[in-house]
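Overview (structure and organization)
So you can see what is in the structure, the chains are spelled out below.
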Amino acid sequence: MDASKRLAFSEPIMSQRRKVVSGFSLGVGVSLIFLTVILLNNTSLTVPKVQLFLQGSDSNSSFSWRFPFSARYSNGSASSLHRAEVNVSSEGSEKKTLLGNLTGDQKNASLHDGHEEHEDCCSLKNVTISGKENGHVGNSSCSVDDALGKCEEGLVKASNVSVGSLFEECDIFDGKWVRDESKPYYPLGSCPLIDRDFDCHLNGRPDNEYVKWRWQPNGCDIPSLNATDFLEKLRGQRLVFVGDSLNRNMWESMVCILRQSVRDKKRVFEISGKTEFKKKDVYAFRFEDYNCSVDFVSSPFIVQESTFKGTNGSSETLRLDLMDQTTTTYHDADIIVFNTGHWWTHEKTSRGEDYYQEGNHIYPRLKVLDAYTRALTTWARWIDNNIDANRTQVFFRGYSVTHFRGGQWNSGGQCHKETEPISDRKHLRKYPSKMRALEHVVIPKMKTSVIYMNISRLTDYRKDGHPSIYRMEYKTAEEQASAELHQDCSHWCLPGVPDTWNELLYASLLKYGKGHWKS
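One structure accompanies this document, and this report is about it. (Residues numbered from 1 in each chain as written. Predicted model: local features only at pLDDT ≥ 70, side-chain atom pairs only at ≥ 80, totals over all residues. Heavy atoms only, no water.)

Regarding the pattern of salt bridges
One pass over the structure, following the stated rule, counts 29 salt bridges. Here Glu 252 ties to Arg 248 by a salt bridge, and the two come within 3.8 Å at their closest N and O atoms. Of this pair, Glu 252 and Arg 248 both sit in helix α7 (residues 245-260), four residues apart, which is roughly one turn of the helix. Note on accessibility: Glu 252 and Arg 248 belong to one class, buried. Here Glu 418 makes a salt bridge to Lys 463, at a shortest N to O gap of 2.7 Å. Here the residue Glu 418 occupies a position in the loop between β19 (393-397) and α10 (433-442), and Lys 463 occupies one in the loop between α11 (456-460) and α12 (477-483), the gap between them amounting to 45 residues. When salt bridges with common partners are traced through the structure, they connect Glu 347, Arg 351, Glu 353 and Arg 365 into a single cluster. (Salt bridge = Lys/Arg side-chain N within 4 Å of Asp/Glu carboxyl O. Helix = DSSP H or I, 4+ residues; strand = E, 2+ residues; numbered from the N terminus. Buried < 20%, exposed > 50% of the residue type's maximum accessible area, 1.4 Å probe, protein only.)

Rendered as structure tokens:
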């Protein structure tokens, strides 16, 4: 409102000729006089400035917001959009609950140009806001039907705007990879907390295109992971990743993303001073300014590894009926992300001979899928009996697909020199049977709500994202040639694919989360 404008009273109210004043009129008059006094005493009163933008943050604004409109794709038209960026000036800082999810700095919030490289892949560009109230978008160079139809066998090239609707009723794990020059969340080689095995850049990987991809769900959009917002919502709480080294991959990614937003990096530290995280242990990074921690608990099977003393001596077994003893370290956490799967492909587990145990019984032979289902049933029972569902949000991250060619991890498998994701869905694999058992057999029987992060398909595309031979720095060409015999095609480079898992975790918390996440 213009501060120079004054609210004028009407003649019927101000007139001294009127002799009879009703109670109602008197009330109206008093209210208007009171309002006039307020306006006269607050000449600096202004309306908060809200500016729609498509090319980054206003340098004068203190923060920016993503405002997801509720429109869905309709008839394949880009006019039923989707999402726009909204800048809010400091004057409007008290209106946080009106606009949506805080997205933080310009790097996370702005929309960047891309380049269309293939005629059969539509570039989304030149989109403008053409309606202030309904969020209508027009003038797109191609329709949504083009972007999600013609490009379905390839990879979409993003440009100027990220198209999608509110993700409340969308499967955010169903989509495709889109080129995004704003990635990664933290610069290559910038995070000293990454295990050297995962830091492909420092280990000499010559290309960096593998960090320039964003996951784009079909039919909707997801917010960028705003690290400051994440830490604010996590204030005073614990986020714990429980599982194998793939969850360690995800944990280190999360720590690096959040650390990037903290000004004083010394106030982010592992509480016991540990700098190596490969051993089976419990690790916790504390974010001092937010009184919160992001932890990793090494528990590759979730259930308990054990030994059995028989007449022929002791043998290693896996107790399908008992949880790992690490449960005491995370049962009271506020958010827990579980995973298990990769260790179930090793020789003992896949063969299943005299290895799986329940009570005092060792199965002479048990199929690995049956054993896996029994183990996760034990996990589900423990969750139902020990987790306070009113406080703790439980996630299970699905199986991360590997890309070994010509053998497995221990038999000469390779993924070296892969620099682009899979573009043809015909080369993708079937849905993992273990995840089918989790999704359709185990979780439906649980009393506790569990969010299943189905990342199998999105990782299947990314044959380019593994460390391959770049698990260490090589001094000579001979050392590098030798390394090609033992490649890592299961874990992921950081920055890289696990950053997207955490982006999807963030979106899921905004969608389903408890406590602060509801706001």
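With respect to the pairing of strand β8 (residues 175-179)
Here β8 lies mainly inside the structure; five of its five residues are buried. The pairing of β8 with strand β9 (residues 213-217) spans five bridges and is classified as antiparallel. Each residue of the ladder has a partner; that of Trp 177, found in β9, is Trp 215. (Pairing = 2+ DSSP bridges.)

Quick word on the sheet that holds strand β11 (residues 268-270)
Here seven strands make up an open sheet; going across it, the order is β11-β12-β13-β10-β16-β19-β20 and the pairing mixed. Looking at the sheet topology across the chains shown, the edges are occupied by β11 and β20 (450-453). Across the sheet, the axes of successive neighbouring strands diverge by a mean angle of 15°, strand direction being ignored. Here β19 pairs with β20 via four bridges, running parallel. Looking at the pairing, Phe 395 lines up with Ile 451 of β20. (Axes fitted to C-alpha atoms, helices over the stretch in contact; angles between N-to-C directions.)

A look at the side chain of Asp 488
Assignment of secondary structure puts Asp 488 in the loop between α12 and α13 (497-512). Within the local environment of Asp 488, its side chain forms a polar contact with the side chain of His 491, the two groups lying 2.9 Å apart. Each residue touching Asp 488, except ones within four places of it in the same chain, is listed here: Cys 415, His 466, Pro 467, Ser 468 and Arg 471. (Polar contact = N/O pair within 3.5 Å; in protein donor to acceptor, adjacent residues only side chain to side chain. Contact = heavy atoms within 4.5 Å.)

Describing the sheet that holds strand β14 (residues 303-310)
Spatial strand order, β14-β15-β17-β18: four strands in an open sheet with mixed pairing. The open sheet is flanked by β14 and β18 (361-362), the only strands paired with a single partner. One ladder, built from eight bridges, connects β14 with strand β15 (residues 313-323); its direction is antiparallel. Residue Glu 305 lies in a different strand from β15, and its bridge partner there is Leu 318. Across the sheet, helix α9 (residues 368-386) touches β14, β15 and β17 (356-358), and the angle it forms with β15 is around 50°.

Brief notes about α13
The first and last C-alpha atoms of α13 sit 23 Å apart over 16 residues, in line with the 22 Å expected at 1.5 Å per residue. The element α13 is largely enclosed, with a buried count of 15 among its 16 residues. (Expected span 1.5 Å × (residues − 1).)

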